[in-house]
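What follows is each chain in one-letter form.
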Amino acid sequence: MGDYQFLKVKDAITCINQRVNLIAAITDLTPPIRTKGTDYICKLKIIDESHESRIPVHVFAQQLDDLPLLASAGDIIHLSRVKMEIHEGEVYAVFNKKYSSFALYDGKDGENFHPYKVSLRFHAREHDEKIIAGLREWLASSEVIDEPNFLLLREISHMGCVNLACKVLHTCKTTNDEWMVFLWDGTDAPPISINKRLEDEMHKPLPLHFEPLPSSRGVLSTFPTAGTVLRVRLDVDCITYAPQFLKIGQWVKLFRVSCKVHEGLWYGVFTSASKIRDMPNDDIIILERQSNYDRRSIRKLDRMPYWSFPWPSKLTEVNCKGAPFVTLMDLLTCQKVAKKFRCVIRVVAAIPWRVEDFCSPRGIYRVRFTLEDPTARIHAYAYAQDGEKFFNASSTDALRRKLIQLLGVPLSSDGREMVGGDRNPPWVQCCLKFHSVQKRCWICDTKLLD
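Basis of the calculations
- Residues numbered from 1 in each chain as written.
- Predicted model: local features only at pLDDT ≥ 70, side-chain atom pairs only at ≥ 80, totals over all residues.
- Heavy atoms only, no water.
- Helix = DSSP H or I, 4+ residues; strand = E, 2+ residues; numbered from the N terminus.
- Contact = heavy atoms within 4.5 Å.
- Lys, Arg positive; Asp, Glu negative; His and termini not counted.
- Charge placed at Lys NZ, Arg CZ, Asp CG, Glu CD.
- Core = buried A, V, L, I, M, F, W, Y, C linked by side-chain atoms within 4.5 Å.
- Buried < 20%, exposed > 50% of the residue type's maximum accessible area, 1.4 Å probe, protein only.
- Phe/Tyr/Trp six-rings, centres within 6.5 Å; stacked < 30°, edge-to-face > 60°.
- Lys NZ or Arg CZ within 6 Å of the ring centre and 35° of its normal.
- Patch = residues over 30% accessible without salt bridge, like charges linked within 9 Å, V, L, I, M, F, W, Y side chains within 5 Å.
- Areas by Shrake-Rupley, 256 points an atom, 1.4 Å probe, with all protein chains shown as cover.
- Salt bridge = Lys/Arg side-chain N within 4 Å of Asp/Glu carboxyl O.

Asks: Looking at this structure, how should I read the overall build of the protein chain?
Replies: On a plain count of helices and strands, the protein chain comes out with nine helices and 21 strands. Viewed in the frame of its principal axes, the protein chain has a C-alpha envelope of about 85 × 55 × 40 Å. In the protein chain, the proportion of contacts linking residues at least 24 apart, taken out of those at least 6 apart, comes to 64%. Where the 61 positive side-chain charges of the protein chain centre and where its 55 negative ones centre are 7 Å apart.

Asks: I tried to follow the nonpolar core on my own but got confused; where do I start?
Replies: General note: in soluble globular proteins, nonpolar side chains tend to be found buried as a group. One finds Phe369, Phe391 and Leu432 to be the most contacted residues of the largest nonpolar core, which totals 36 residues. Mapped onto this core, the elements with two or more residues apiece are α7 (328–332), β16 (338–351), β17 (366–373), β18 (376–383), α8 (384–391), α9 (396–406), β19 (428–435) and β20 (440–443). Per-element tally for this core: the top contributor is β16, with five residues. Among all residues touching Phe369, those that are not within four sequence positions of it are Val347, Ala349, Ala350, Ile378, His379, Ala380, Ala382, Phe390, Phe391, Leu403, Leu406 and Ile443. Core analysis: the next-biggest nonpolar cluster, separate from the first, contains 31 residues, Val59, Leu67, Ala71 and Leu104 among them.

Asks: Got a minute to help me understand the packing of aromatic side chains in this structure?
Replies: The description of an aromatic ring pair rests on the distance of the ring centres and on the angle between the ring planes. Within this structure, the stated rule accounts for twelve aromatic pairs. Between the aromatic rings of Phe390 and Phe391, the centroid separation amounts to 5.2 Å while the plane-to-plane angle is 65°, which identifies the pairing as edge-to-face. Taken as a pair, Phe390 and Phe391 share a single burial class, namely buried. A network of ring pairs unites the aromatic residues Phe358, Tyr365, Phe369, Phe390 and Phe391 as a single cluster. Taking the ring centre of Tyr306 as reference, the NZ or CZ of Arg154 above it sits at 4.6 Å. Positioned above the aromatic ring of Tyr116 is the side chain of Arg256, whose terminal nitrogen or guanidinium carbon lies 3.8 Å from the ring centre.

Asks: Please explain a nonpolar patch on the surface as it appears in this structure.
Replies: A cluster of nonpolar side chains, contributed by Tyr306, Trp307 and Phe309, occupies part of the molecular surface with about 290 Å² of accessible area. Tracing the chain through its elements places Tyr306 in the loop between α6 (284–298) and β15 (316–318). You can call Tyr306 partly exposed: its relative accessible area is 40%.

Asks: When you look at the pattern of salt bridges in this model, what are you seeing that I'm missing?
Replies: Charged atoms that come close allow side chains of opposite charge to pair. Tallied over the full model, the rule gives 25 salt bridges. When the shortest N-O distance is used, the salt bridge between Asp188 and Arg296 registers 2.5 Å. Remark: Arg296 occurs in helix α6 and Asp188 occurs in the loop between β10 (179–184) and α3 (200–203); sequence separation between them is 108 residues. As far as the burial class goes, Asp188 and Arg296 line up, both buried. Between Arg346 and Glu372 there is a salt bridge whose closest N-O contact spans 2.7 Å. Taken together, the positions of Arg346 in strand β16 and Glu372 in strand β17 put the pair 26 residues apart, joining distant regions of the chain. With respect to burial, Arg346 and Glu372 carry one shared label: buried.

Asks: Would you explain unusual backbone geometry in this entry?
Replies: Here the bond from Phe309 into Pro310 is cis, since omega is 10°, no more than 30 degrees from zero. In this model, Ile351 is joined to Pro352 through a cis peptide bond whose omega is -5°. Along the chain, Pro352 turns up in the loop between β16 and β17. At Arg121, a residue that is not glycine, the phi angle is positive and equals roughly 70°. The topology assignment puts Arg121 in the loop between β8 (117–118) and α2 (128–141). Overall, Arg121 belongs to the partly exposed group, its relative accessible area being 41%. Backbone geometry at Asp445 places phi at a positive 50°, although glycine is not the residue there. For Asp445, the location among the structural elements is in the loop between β20 and β21 (446–448).

Asks: Can you walk me through the environment of Leu328 in this structure?
Replies: Note that Leu328 resides in helix α7. Leu328 gets classed as buried once you look at its relative accessible area, which sits at 0%. Along the chain, Leu328 and Asp373 lie 45 residues apart, while their C-alpha atoms are 6.6 Å from each other.

None of this, on its own, says anything about what the molecule does.
Structure below.
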């Protein structure tokens, strides 16, 4: 068919083995996966007013960024030169990276006809606007597209674009001249495997935070002390307008935020394809999320990381009766000069990393651990007598085995360390003594078990 002719979905499904052009609404989009070759594939489903069924579209690309990953359900996609195929009775369209093209437009609430993402070889035509306008009218009057799903931070499961409904806690301009916004919904983002060798910590330590410089205690003290605070970087294209919609204390809906991972820390990127909407204070999403957090604040055990339930690993034993169960954010914002706390954390790094170097020449333990929970990362020291108690008079070999477990080093079937494998440290209990003036933390009243 001609490059300028567009078909309705009901007509396209009869054109088996032919290349067609379509403009339709996206109803579903799956995360990308790698094919058996060198490409990536994502699958979406589209619909228009001509056909009640949704037809699949398989989009292939050599790079992840070349896929329509920014799309949300209800957005409009312009597909050029996709081939209609059939397999086991199901008709679907195939996007070929060599000759097909796409463009993504906002859905029923769109205010212009400028695509927010285009692929190579895409060319807009004058009559595109008429088709898109008609499709938007149909979407507004029908209920074929469900409302977008807004994930909890706890539900982020892969790197890619998501819709979020969060409270704005803080905005700032970083030393890199970038704007960053701090978002929260009261839930714990999932822990990330650490893709670094133990020895890397000596020369390239894991960062304690995503932003270039740490936030002051004054800023941190304004944050809720349970639940992940997601740092979201604003792309240059968004700096002129996005900050005015991101008012501290306001709940907002964010569409097509790109979630990524840096050194085991979740962060987001707000791009030119992302959108922001204010939320009324009586929105059911706000009421549910705030209510869940309020209940969590009352019950002590609910301050444990969501991902540590039903109970942390028995790799450690604590003896700090009376010490409150807290998050690391509780600890960082504590006003008392010196206080003991009980935390559930992961140990993600250690310096020195060789157990033979844990003691000074005088036989004094001095080890710096990097601890994390869903709210923060900190350094904590196992020093002198507290270090002796923590390491529990273990032999070198026994201590090495404990350290491997504590830091989540993967083992092969024969029990050997797997070089280069991702580390997944277990959740463990730990008693910590924090000095708010010195801003230092020590492990105390805790010992490693066999």
